[in-house]
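# Structural overview for review
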Amino acid sequence: MPTVSVGRDRLFQALGRTYTEEEFEDLCFKFGIELDDVTTEKAIIRKEKHLEEEEPSEDEEVIYKIEVPANRYDLLCLEGLAQALRIFNGLDPIPTYNVARISKGSMLKMHVNSETSKIRPYVVCAVLRGVTFDEARYNSFIDLQDRLHQNICRRRTLVAIGTHDLDTIEGPFTYEALPPPEISFIPLKQTKNFRADELMEFYKSDLKLKKFLHIIENSPVFPVIYDQLFYLCLQSSMAHSAITLKTKNVFIECTATDLTKANIVLNTMVTMFSVYCERKFEVEPVEVIYPDGKSYICPDLSLYQMVVPLSYITSAVGISLPAHEVASLLNKMQLHAEHSVSAKNETSFTISVPPTRSDILHPCDVAEDVAIAYGYNEIPKMKLPSLRPQSLNQFSDLIRTEIGMVGYTEVLTWILCSYKENFTMLNRKEDKLAAINGNPRSADFEVVRTTLMPGILKTVGHNKDHPKPIKIFEVGDVVLLDESKDVAASNRRHLAALYCGATSGFELIHGLVDRIMEVTGTPFVSAGDGSGYYIQSSDEPEFLPGRQASIIYKGKQIGTFGIVHPQVLDNFDIPDPCSFVEVNIESFL
């Protein structure tokens, strides 16, 4: 989930009121985003440089770090965030974005050369006229480009955004792909003229730009846009056309390998910052002409229409709502909805999706927005009639409840562990039943556990200073190789419990075994009787000899309990004696 950093005071100014931290956190939760952190610019710098934290001074600007959904590109800047929250609060109507009505002959033109198909075949463009920048708006404009590059643009591999001061360049423009030696210009923040191949070498030492060089570095041609006089390079904008605080007219171009994403990126840029144009929410189009003679006018800011039945929305959300309330809730989420009733008395909504909401792709997205606007906490909890949990999971929950009532605390441990923990540290030899991870990221994830014992012992080892006694349990899966299964392995649901204290607590673990058998309705029988369970001496290496037993249920061994071997305790750095039990609870079903 991307995190957006915005100045608190400027955000509150845009929202039209101030909030306490708790109030703003509550607003974010209701809207479906999260206030992740409250910090300052200086604190962020100190953290990046690993310096000691200091008390913030009163003159430091407070920064809110807000976590937003990954597909809500309109929330990646303060402008979009403030606009969405104001509409959600009922302060503003849904804006109407317009493409300026100018004749085709008056439009700026972008001619695409056929060679671009070898590297980036698509380009989309637009113009923002009469923009008024101040330092904060300018920084937000640049930051939005960076966030889009990191997010939907996939670090410029799918889309690369270029922004230029239109008053310093002259159309028509041409998008070409040329050999690197044929491209030369003065890049942004430089004073020297570079050929494109020289620029690749120069930027290998640039911490910010070197990570993007691989995108075109080995290509025989580099994509390039030029006007009547100057080149405007893909990887680094030209110094001559760089936008500044004095820029009034901004030319935006997006070159791409994915046309859909290019249009989303362009629409996001122009809709977010057309609010600062002389004609608010108006964007000037550009005609893009391809080698085959086809031409396209962009950006496309038309509304996308979607028909969604009211019954679908109410069934998906789980509540019954009248049509007028659903329409009001959708309006809060920037979706204009008009309802109609068919001849069969079925109510449907025609949803008008604005260009800012590229995340609305399916009726389920509309239903989700209704749920967010209504409030997830306001939706009553209910169990769907079709939801039938597996008997194993129901039984596991009952076992958890019973052991919890005995006074044991449940823990959850990793299903992956190291080979050493699963075998050597338990005094075990490899049994050829373990599923080995062929390419583990680290030694901690080499094998899928065949027993719950390593996780339980590691938990105690990391909490050995905890007040004694320690009484913990886990109900979870182990995995064993099984050729009879289509994936050659099978899951087994096990129960494990451990007692650690001044004494071993063997009798307490034995009592827990009896309690488990009692609640499952399994009687204690004599050896050889297949109608219940009994215990017999065992010889497992992880337990102390003579202080362990196997649990036999209907003639089959389903578990073992005993005092953990001192060597095993030492391997897990546990100084106190422990007793442990592990049972395959699937055997009871």
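What counts and what doesn't
- Residues numbered from 1 in each chain as written.
- Predicted model: local features only at pLDDT ≥ 70, side-chain atom pairs only at ≥ 80, totals over all residues.
- Heavy atoms only, no water.
- Helix = DSSP H or I, 4+ residues; strand = E, 2+ residues; numbered from the N terminus.
- Rg over C-alpha atoms; globule rule 2.2 N^0.38 Å.
- Contact = heavy atoms within 4.5 Å.
- Areas by Shrake-Rupley, 256 points an atom, 1.4 Å probe, with all protein chains shown as cover.
- Lys, Arg positive; Asp, Glu negative; His and termini not counted.
- Charge placed at Lys NZ, Arg CZ, Asp CG, Glu CD.
- Pairing = 2+ DSSP bridges.
- Axes fitted to C-alpha atoms, helices over the stretch in contact; angles between N-to-C directions.
- Buried < 20%, exposed > 50% of the residue type's maximum accessible area, 1.4 Å probe, protein only.
- Phe/Tyr/Trp six-rings, centres within 6.5 Å; stacked < 30°, edge-to-face > 60°.
- Lys NZ or Arg CZ within 6 Å of the ring centre and 35° of its normal.
- UniProt positions renumbered as here; feature names shortened; annotations may be inferred.
- Core = buried A, V, L, I, M, F, W, Y, C linked by side-chain atoms within 4.5 Å.
- Polar contact = N/O pair within 3.5 Å; in protein donor to acceptor, adjacent residues only side chain to side chain.

### Quick look at the overall build of the chain
Within the chain, the regular secondary structure consists of 15 helices and 27 strands. Computed over its C-alpha atoms, the radius of gyration of the chain comes to 33 Å, more than 25% above the 25 Å expected for a compact globule of 589 residues. Once the C-alpha set of the chain is aligned to its principal axes, its extents read approximately 100 × 65 × 60 Å. In the chain, once contacts between residues fewer than 6 apart in sequence are set aside, the share between residues at least 24 apart is 70%. Approximately 29900 Å² of the chain is accessible, and the part contributed by carbon and sulfur atoms is 50%. Distance between charge centres in the chain, computed from 59 positive and 81 negative side chains, equals 2 Å.

### Description of the sheet that holds strand β2 (residues 34-40)
Reading across from one edge, β1-β3-β2 is the order of the three strands in this open sheet, with antiparallel pairing throughout. Whereas interior strands pair on both sides, the edge strands pair on one side only; in this sheet they are β1 (3-7) and β2. Between one strand and the next, the sheet's axes are offset by a mean angle of 25°, whatever the strand orientation. Here helix α1 (residues 8-15) sits on the sheet and contacts β1 and β3 (62-67); the angle it forms with β1, its principal contact strand, is near 85°.

### Digging into the pairing of strand β5 (residues 108-112)
Burial along β5 is one-sided: the residues L108, M110 and V112 are buried and none of K109 and H111 is. Relative to strand β14 (residues 282-289), β5 is paired through four bridges, and the arrangement is parallel. Its bridge partner being in β14, L108 is matched across the sheet by V286. Sheet analysis places β5 next to strand β8 (residues 173-178), joined by three bridges and oriented parallel. Paired with V112 across the two strands is Y175, which belongs to β8.

### Comments concerning the packing of aromatic side chains
If you walk through the whole model with that rule in mind, you get 22 aromatic pairs. Between Y19 and F24, the ring centres sit 6.0 Å apart and the planes meet at 65°, which makes this aromatic pair edge-to-face. For Y19, a relative accessible area of 14% puts it in the buried group. On the basis of an interplanar angle of 20° and a centroid distance of 4.4 Å, the ring pair of F173 and F251 is categorised as stacked. Of this pair, F173 sits in strand β8 while F251 sits in strand β13 (residues 250-256), and the two are 78 residues apart along the sequence. When sorted by exposure, F173 lands in the same class as F251, which is buried. One aromatic cluster is present, built from ring pairs that chain together F133, Y138, F141, F273 and Y276. The residue whose ring lies beneath K332 is F88, and the NZ or CZ to ring-centre distance is 4.5 Å.

### A few points about the UniProt feature "domain: B5" (unreviewed entry) in the chain
In the UniProt entry, the feature "domain: B5" (unreviewed entry) is given for residues 301-381. In residues 301-381, the share of helix is 37% and the share of strand is 23%. The end C-alpha atoms are 40 Å apart.

### Observations concerning the sheet that holds strand β23 (residues 489-500)
Pairing in this open sheet of seven strands is mixed, and the strands run β19-β22-β23-β27-β26-β25-β24 from one edge to the other. The sheet terminates laterally at β19 (409-410) and β24 (533-537), the two strands that pair on one side only. Two strands pair when backbone bridges link them, and β19 and strand β22 (residues 470-481) are joined in this way by two bridges, in the parallel orientation. Looking across to β22, one finds that T409 is bridged to I472. Packing against the sheet, helix α11 (residues 391-406) makes contact with β19, β22 and β23, and its axis sits at approximately 155° to β22. Lying over the sheet, helix α14 (residues 506-519) contacts β23, β24, β25 (543-553), β26 (556-564) and β27 (578-584), oriented at roughly 155° with respect to β26.

### Comments concerning the environment of M382
Of note, M382 is situated in the loop between α10 (363-374) and α11. The exposure class of M382 is exposed, given its relative accessible area of 54%. Along the chain, M382 and E421 lie 39 residues apart, while their C-alpha atoms are 42 Å from each other.

### Some thoughts on the pairing of strand β15 (residues 295-298)
Bridge count for β14 against β15 is four bridges, and the pairing is antiparallel. By the bridge assignment, V286 is partnered in β15 with C298. Connecting β14 to the antiparallel partner β15 that follows it, the hairpin turn spans five residues, and G293 within it adopts a positive phi of roughly 95°.

### So, the nonpolar core
Judged by nonpolar contacts, the single largest core of 99 residues is most densely connected at F24, I66, M110, L148, F251, I252 and I351. The element best represented in this core is helix α7 (residues 259-273), accounting for eight residues. Apart from the residues within four sequence positions on either side, I351 is in contact with Y304, Q305, M306, V308, L330, L335, H336, A337 and V366. One finds Y499, M517, I551 and F588 within the second-largest nonpolar core, a separate group that totals 24 residues.

### Observations concerning helix α4 (residues 78-88)
Burial runs high along α4: eleven of the eleven residues are buried. Trailing α4 by a residue or two, G90 shows a phi angle of about 80°, which is positive.

### Looking at the side chain of T247
With respect to the element layout, T247 can be found in the loop between β12 (231-233) and β13. Polar side-chain contacts of T247 include one of 2.8 Å to the backbone nitrogen of T244. When residues no more than four places from it in sequence are discounted, the contact partners of T247 are V131, F133, D165 and A242.

### Considering the side chain of T268
Topologically, T268 is positioned in helix α7. Within the structure, T268 has its side chain in polar contact with the backbone oxygen of I264 (distance 2.7 Å). Ignoring any residue separated from it by four or fewer positions in sequence, one finds T268 in contact with Y73, D74, L144 and L148.

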